[in-house]
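Below, each chain spelled out in residue letters.
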Amino acid sequence: MKLQVVSPWYPDRYTPYAGEFVHSQVKSFLDKDVDVRVEVPKVFSLPDHYVSQIYFDAFISTARKNPDSVFFSNNEATFIPCLLPTKTNPIKTVEAFKIGIKMKRDFLPSEFDLVHAHLALPTGLAASRLSDKPLIITEHQSGLEKLLSSPKLKEAYLEAIESADAFICVSDFLKENLVDVYGSRISQMIEIVPNLVDFNSFNFVHREKFESLSWLYVGSFFRHKGVMKLLKTFAAYKKYVAPSATLTLIGTGPLLPWVERFCKRKGIRQSVFLPGAQPHGMLRNYFAKADLLVHLSEQETFGIVSLEAIASGVPVVSFHNGGSDFTWKNISELCGRLIDKNSNEQDIIETIIDLSDHSEDLDLFKARSKLEERFSSDVVSNQLFSIYKKVLA
């Protein structure tokens, strides 16, 4: 079986954490000697309001002389620049991905038996318009409610679902969101296969007690990720509960300037560490030093970082955000606390204090074992292989 994965998210030197869940999945296939290649379409923004033929001519001319200078490859992955104007939308991105991937396949042809695309829009729909080979689409992205509020995008998304030989959601929460939009008729068209957690990358560290003095956050710095509420909660916790507490924020994003200003204004800059985005392989070092992961995103389709923390022996305080309910709600008494997403800073602080006061009730090692039963490499890859075999039959 020759598998072609197509994903707009994949780790590179500029975004080492992007699409790590796709990378882990691919790695599990490679470990099983599956012939797999990855195409990574990336938006290449142009300074104009439309993409003129001049750009395409220059693109093609350069690729004809030296394809590797246009389509950069790193091991199993090939990164594909897709030309887009300054003002764009998901439909235009679908077309740009289609053109970019087709050019790559023209200049660097490869054979494959089936395609596994990540994200229905734009990737899955673009892939469906390029090949008649069996197509599997996995949906991960949050914010589908906003995306599908547009009638045109709703129609395009449905086209992607119907074009797939198998359509996968990574959680029942995500599937329920799509059923709410399209009705129960699509329920039977959607299978649930979770993201894979690479447990071998995370060493379990036994801790005698949890004092909630070394907080950790891993993710992008966006408002919807709860970064602002996290900083406000930490500032109050440090002032009124634990003056020696520290917070490490792994990642970057548009809110970074706000984070720096807030920390300076509150006098906590020396206690908030900002190492930036880190390669996935480095996260184990940060988990080993932390005794609490705080994740206040209001909506997650899966929430893999929380599972990686638990696998490392770090308890988690998180909102009920969809992904957390699917992945670890049933074992939350072993590994942390789940709280209502309308909770304010004081509510969150009281939850963390309660967690510390009753940390003897935690059993992170047992929690890790329970997670491995559902999300390990072997378990998830076997589910995917079953789907691959079915669509190839």
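Please read these numbers as outputs of a predicted model, since none were measured by experiment. (Residues numbered from 1 in each chain as written. Predicted model: local features only at pLDDT ≥ 70, side-chain atom pairs only at ≥ 80, totals over all residues. Heavy atoms only, no water.)

Caption draft 1: Up close: unusual backbone geometry. Along the chain, Leu 121 connects to Pro 122 via a cis peptide bond; the corresponding omega equals 5°. Counting through the fold element by element, Pro 122 comes out in helix 5 (residues 120–128). Even without glycine at this site, Ser 212 takes up a positive phi of about 55°. (Helix = DSSP H or I, 4+ residues; strand = E, 2+ residues; numbered from the N terminus.)

Caption draft 2: Up close: a positive patch on the surface. A contiguous patch of positive charge on the surface is contributed by Arg 223, Lys 232, Lys 239, Arg 261, Arg 265 and Lys 266. A per-element tally of the positive patch places helix 10 (residues 256–266) first, with three residues. As for its position among the elements, Lys 266 is in helix 10. A residue is classified by how much of its surface remains accessible, and Lys 266, at 48% relative accessible area, is partly exposed. (Patch = residues over 30% accessible without salt bridge, like charges linked within 9 Å, V, L, I, M, F, W, Y side chains within 5 Å. Areas by Shrake-Rupley, 256 points an atom, 1.4 Å probe, with all protein chains shown as cover. Salt bridge = Lys/Arg side-chain N within 4 Å of Asp/Glu carboxyl O. Lys, Arg positive; Asp, Glu negative; His and termini not counted. Charge placed at Lys NZ, Arg CZ, Asp CG, Glu CD. Buried < 20%, exposed > 50% of the residue type's maximum accessible area, 1.4 Å probe, protein only.)

Caption draft 3: Region of the structure containing the side chain of Ser 343. Inspection of the secondary structure assignment puts Ser 343 in the loop between strand 14 (336–339) and helix 15 (345–357). For Ser 343, a relative accessible area of 9% puts it in the buried group. Within the structure, Ser 343 has its side chain in polar contact with the backbone oxygen of Asp 340 (distance 2.6 Å). Those residues in contact with Ser 343 that sit more than four places away from it in its chain are Lys 229, Phe 319 and Ile 348. (Polar contact = N/O pair within 3.5 Å; in protein donor to acceptor, adjacent residues only side chain to side chain. Contact = heavy atoms within 4.5 Å.)

Caption draft 4: Quick peek at the sheet that holds strand 8 (residues 190–192). The strand order 3-4-2-1-5-6-7-8 describes an open sheet built from eight strands, whose pairing is mixed. The open sheet is flanked by strand 3 (72–74) and strand 8, the only strands paired with a single partner. The mean inter-strand angle of the sheet, taken between neighbouring strand axes irrespective of direction, is 25°. Sheet analysis places strand 2 (residues 35–45) next to strand 4 (residues 77–84), joined by eight bridges and oriented parallel. Note on strand 4: the bridge partner recorded for Val 38 is Ala 77. (Pairing = 2+ DSSP bridges. Axes fitted to C-alpha atoms, helices over the stretch in contact; angles between N-to-C directions.)

Caption draft 5: Molecular detail of the environment of Val 241. With respect to the element layout, Val 241 can be found in the loop between helix 9 (227–240) and strand 10 (246–250). Assessed through its relative accessible area of 36%, Val 241 is described here as partly exposed. Taking C-alpha positions, Val 241 is 8.6 Å from Ile 353, a pair spaced 112 residues apart along the chain. Those residues in contact with Val 241 that sit more than four places away from it in its chain are Ala 236, Ile 349 and Ile 353.

Caption draft 6: Spatial organisation of empty space enclosed by the protein. Under the criterion given, the structure shown has one cavity of 30 Å³ or more. Put simply, the largest cavity is a space of about 30 Å³. Together, His 295, Glu 300, Phe 302, Gly 303, Ser 306, Ser 318, Asn 321, Gly 323, Ser 324, Thr 327 and Trp 328 line the largest cavity. For the lining of the largest cavity, the element with the most residues is helix 13 (residues 323–327), which contributes three residues. (1 Å grid on protein atoms, 1.4 Å probe; cavity = no way out; pocket = protein on both sides within 12 Å on 5 of 7 lines; lining within 4 Å. Points joined across faces, edges and corners; volume = space filled by probe spheres on them.)

Caption draft 7: Helix 9, seen in detail. For helix 9, which comprises 14 residues, the first-to-last C-alpha distance of 20 Å matches the rise-based estimate of 20 Å (1.5 Å per residue) to within 8%. Listed as buried for helix 9 are Val 227, Met 228, Leu 230, Leu 231, Thr 233, Phe 234, Ala 235, Tyr 237 and Lys 238. On the buried face of helix 9, the contacting elements are strand 9 (214–218), strand 10, helix 10, strand 11 (272–276), strand 12 (292–295) and helix 15. (Expected span 1.5 Å × (residues − 1).)

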